[in-house]
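Examining the three-dimensional arrangement
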There are 2 protein chains.
Amino acid sequence: MDGLMMDFPLILPTILRRAETIFGDREIVSRQPDRSLHRYTYADMARRARRLAAALTALGLRPGDRVGTFCWNHHQHLEAYFGIPLFGGVLHTLNLRLHPDDVAAIITHAEDRAILVDAVLLPIFEKIWPKVAVEHLIVIGDGPLPEGAIAYENLLASADPEGFVPPEIREQQAAAMCYSSGTTGRAKGVLYSHRAIVLHSLVSATADAVGLREADAVMPVVPMFHVNAWGLPFTGTLVGAKQVLPGPFLNPPSLIDLIERERVTITAGVPTVWLGVLQHLDQNPGAHDVSSLARMIVGGQAAPEGMIRAYQERHGIDVVHAWGMTEMSPLGTITYVPSSRRDAPAEEQYRYRAKQGRPLPLVEIRARGPEGLVPWDGKTMGELEVRGPAVARAYYNNPEGDTQFTNDGWFRTGDIVTIDPLGYIEITDRTKDVIKSGGEWISSIALENALMAHPAVAEAAVIAAAHPKWLERPVAVVVLKEGHTATETELLAHLAPHFAKWWLPDAVLFVDEIPRTSTGKFLKSALREQYRDVLRASAIPPAPEHAASVETSEG
Amino acid sequence: MDGLMMDFPLILPTILRRAETIFGDREIVSRQPDRSLHRYTYADMARRARRLAAALTALGLRPGDRVGTFCWNHHQHLEAYFGIPLFGGVLHTLNLRLHPDDVAAIITHAEDRAILVDAVLLPIFEKIWPKVAVEHLIVIGDGPLPEGAIAYENLLASADPEGFVPPEIREQQAAAMCYSSGTTGRAKGVLYSHRAIVLHSLVSATADAVGLREADAVMPVVPMFHVNAWGLPFTGTLVGAKQVLPGPFLNPPSLIDLIERERVTITAGVPTVWLGVLQHLDQNPGAHDVSSLARMIVGGQAAPEGMIRAYQERHGIDVVHAWGMTEMSPLGTITYVPSSRRDAPAEEQYRYRAKQGRPLPLVEIRARGPEGLVPWDGKTMGELEVRGPAVARAYYNNPEGDTQFTNDGWFRTGDIVTIDPLGYIEITDRTKDVIKSGGEWISSIALENALMAHPAVAEAAVIAAAHPKWLERPVAVVVLKEGHTATETELLAHLAPHFAKWWLPDAVLFVDEIPRTSTGKFLKSALREQYRDVLRASAIPPAPEHAASVETSEG
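Note that this is a predicted model, so its numbers are computed, not measured.

Thresholds applied
- Residues numbered from 1 in each chain as written.
- Chains lettered and ligands numbered in written order.
- Predicted model: local features only at pLDDT ≥ 70, side-chain atom pairs only at ≥ 80, totals over all residues.
- Heavy atoms only, no water.
- Core = buried A, V, L, I, M, F, W, Y, C linked by side-chain atoms within 4.5 Å.
- Buried < 20%, exposed > 50% of the residue type's maximum accessible area, 1.4 Å probe, protein only.
- Contact = heavy atoms within 4.5 Å.
- Least-squares fit on C-alpha atoms with pLDDT ≥ 70 in both.
- Domains from an automatic or database assignment.
- Buried area = accessible area lost by both parts, 1.4 Å probe.
- Salt bridge = Lys/Arg side-chain N within 4 Å of Asp/Glu carboxyl O.
- Polar contact = N/O pair within 3.5 Å; in protein donor to acceptor, adjacent residues only side chain to side chain.
- Helix = DSSP H or I, 4+ residues; strand = E, 2+ residues; numbered from the N terminus.
- Nonpolar A, V, L, I, M, F, W, Y, C, P; charged D, E, K, R; others polar.
- Pairing = 2+ DSSP bridges.

Side note on the nonpolar core
Within soluble globular proteins, side chains that are nonpolar tend to cluster in buried spots. Judged by nonpolar contacts, the single largest core of 192 residues is most densely connected at M45, F82 and I297 of chain A together with M45, F82 and I297 of chain B. Those residues in contact with I297 of chain A, other than ones at most four positions away along the chain, are V210, W230, I266, T267, A268, G269, W274, V320, A322 and I334 of chain A.

Some thoughts on the relation of the copies chain B and chain A
The second copy of the chain is related to the first by a rotation about an axis and a shift along the axis. Once chain B has been moved 0.0 Å along the axis and rotated by 180 degrees, it coincides with chain A to within an RMSD of 0.1 Å. Each copy turns onto its partner about a two-fold axis. It is T206 of chain B whose C-alpha, among those of chain B, lies nearest the rotation axis, at 1.8 Å.

Here's the deal with the domain arrangement of chain A
For chain A, the domain assignment lists domain 1 (7–193 + 224–240) and domain 2 (433–553). Inter-centroid distance (C-alpha atoms) of domain 1 of chain A to domain 2 of chain A is 45 Å.

A closer look at the interface of chain B and chain A
Across the contact, 76 residues belong to chain B and 76 residues belong to chain A. Taken as a group, M1, M5 and M6 of chain B account for 15% of the area that chain B buries against chain A, more than any other trio of residues on that side. For the pair chain B and chain A, the interface holds ten salt bridges. Here R170 of chain A ties to D2 of chain B by a salt bridge, and the two come within 2.8 Å at their closest N and O atoms. Inspection of the chain B/chain A interface yields 38 residue pairs in polar contact (both at pLDDT 80 or more). The dominant element in the side of chain B that touches chain A, judged by the number of residues it contributes, is helix α7 (residues 194–205) of chain B, at seven residues. Of the residues belonging to the side of chain B that touches chain A, the class tally is 44 nonpolar, 15 polar and 17 charged.

Structural notes on the sheet that holds strand β21 (residues 425–430) of chain A
All names here are of chain A. With antiparallel pairing, the five strands of this open sheet are ordered in space as β18-β17-β19-β20-β21. If you trace the sheet from one side to the other, it starts and ends with β18 (372–373) and β21, each paired once. Judged from the five bridges that link them, strand β17 (residues 364–369) and strand β19 (residues 382–387) form a sheet pairing that is antiparallel. For R366, the partnering residue across the bridge sits in β19 and is E385.

A closer look at the sheet that holds strand β11 (residues 242–245) of chain A
Residue and element names in this part refer to chain A. Ordered in space as β2-β1-β11-β10-β12-β13-β14-β15-β16, the nine strands form an open sheet in which the pairing is mixed. Each edge of the open sheet is held by one strand with a lone partner, namely β2 (37–41) and β16 (358–359). Of the strand pairs in this sheet, strand β1 (residues 27–31) and β2 are connected by five bridges, and their pairing is antiparallel. Across the sheet, residue V29 finds its bridge partner in β2, namely R39.

Structural data, given as structure tokens:
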């Protein structure tokens, strides 16, 4: 027997209509390329988003068509977030930081029919444009137009919003698309449905998640070209929060200025951004009033516990650690200290806050080790698998990606985690980086962190090297700080108290530099290639026997 | 083109699994009939809910079958909230406060196949049981069993949870049912789907709605037999909040004791309960520590502004005004001061807090007056219409209720409201009580409130009386305070500065008593019957002309 409830679809036009009718007076503020601030309201935004939908339809675009955006965080990009799905189109955010050839390949794979690009980004985009076959180029902002391009403002002005009847939209219909920027292999497209985005926005607005409120002023520093800026533009519109969009200026002084001027209450971004802001604040004590800022959502990579502590203790700002993936719309877990530990010593509370956190509502988790699903004991490592209504079930036109989905309906994240009895996950490695030594797993990240805690070590990467008996064994690649020295024996002795004997690297290699990706992460694939056979060639004694009785000091 | 997201249904077993796996240690505390406190965890609750599902299935119940509950707020009732939907059954909460004949009629209409009843409620239930044809009677709590009944604990003990495979559940499937307790006409059944309850729980958990968190201790004083206790048992389980259930003891000292002892942070119920608690707190200053209590959700009828103010100013407790209906799962609107008015004078802020509030996410509103949809000007009255995924589209087996649903998919609430430019609704009347004078509407409630502000007036009800020219005109029925006197002329003069001339009652009738419903509301239908023709019989001069130019001081 079915319930007798209305058949009310979960679609983005509902969120836009809500903002327009009840939050019509709330502001959206953007930093423009000339550094001035543009400000208008949700009512203005909704009006222009409808004009955009009408104009794109008049250009010949139809429901299901992909429209790319190559833009910073600003109000016109927000208009595209709602205007493109409004006519049934698919908002396809393009990553400005990828190589032009990769962007061109992604546009071609997605078959974008139109692209919105910031005028200030044309110097980059002009390297992409000749390589793609896209019908319409629409330029946001002032400046000379490339041949055949349309100015965004002229496009909006040409629209006939009265004559435009938005098509009916089903909740399963595609609304947006983002390619995951894996460090290896071809980028894979994730196609978000209206339903997934609406549910993600609701989940994100719950008090134990991001918990955005109408009274908040939210500043997404995480780019709108990267997994929908963690969904904040949608969630902010759902709840009527003021939105503060930093445009192209992501340097600490510019961000701090916006926080101060616009009384930002919550912001979000990757740790590197916040490390820079922290440094600037600490170097200019008393110079800035950031007292409006209550919370900072940090994700993308692990937030160092020291940073969480510094913001809390020196600036009274709550750093909330979150984890997610392009394939998850993207939020998966978020960390708050569990209520049972609110009276625990500060040290223990910071330990919780440095974990990636607990699953959000409608996100389910499990982890699989070499012998099946692992217990939730906070110690046993396994690859994290997730499922939920905002999790991908396949990649767009990419059957080779199918191996990331299990037969029983879960997505394999590629992250190695432990899960504790309260459901807190802690990422210990990536599947491709974990060292599989004789059927047991060794966390490269745990060893790296311990090595980098040594006073002489500037950087350390731990990788798997081939081993005749154990198949893989850890090898550490270390850069020493200038003017410091340390020997292999010293570093191994430094590690010994903290790990089981069989976790200790079989070799420590001293180098001048560790290769990095464009986003600053260690390029471990290059290291693995270079040092794969280092143990065969060396005279290093065999690793100690693995023994179940050997205690690790982990967890 | 459809999105490529997982087909993950929005169903209650997901919420239960979440609580069991990540909030397994959080407590559920119930006051038992002997006044002792029973406490266990979500892990315990989930285990017993599964046993209940298995046992009911073993009794022969099948997906779609209705199972009634005739219970106070306690942990076994919570087990039924999840255990019944878990096997595909429909939780049918029965209102303890209705007349036994009405309960019997509702059970018969719903065709309940089994009923769970509290042992302490058997004296009432025994008047119902002979009038219904229900197969299984299950008694919760100690005491002698009626002939043929099963003890709840024996039923759980008999279950084989290992052997029980829960059926697959679709999100549109019915999970729960509640009959609306209209003061007139046959009670009408609302059939909630799993999807509606999950969405309602998520919406309720958003920070600007109820905003429940894992760290909260929530005490629903609103009965679990009444529209799912405003959804709090579901929302509490979704977020892992501690639940404090008051059992049969709803008197102020008992509630205050629970708040104090269990450190309740948020509670919910009708204004009368909170007026009693307020009086008790004020009469015993310093005797109770209710400092844990941050918020109180008040609904069911309008919360007096004086009460909101008293709790805020004397006890630091935020009274949050909400409005909803059985047909809406039930939350529809909630009131927070809009951020643009946070710096306004306290008086203006209290005015916002005394309104019913703004629609929650996924709830859409509009109001229809005599001439169509009314503007959102905070002045024009119209009947509120709503829609959303947790709003009924029909009543269960009751075609005569169809008139409450519009052809274009909205539910007519029967409440007369104004809507202001920010989307705040204020209920000014019920459709059956509003006075329709010559095509214009006059709010009976506004006149009553103004009359009751006169020092000599104890109670006042304003009703429509038949009128030859205007069809209806207002008549006031007034009870004076003992030892006070006032004339019709005095009372009309008291009203005159506050209303348009044509709003003023055509007659003021002094009576000793105003008839009331069982829940203490004025029984206006009886008054209307009695005084319908009072204007025809009287020598009262005709009402002043209606004139659009006459300003009201309303709004």
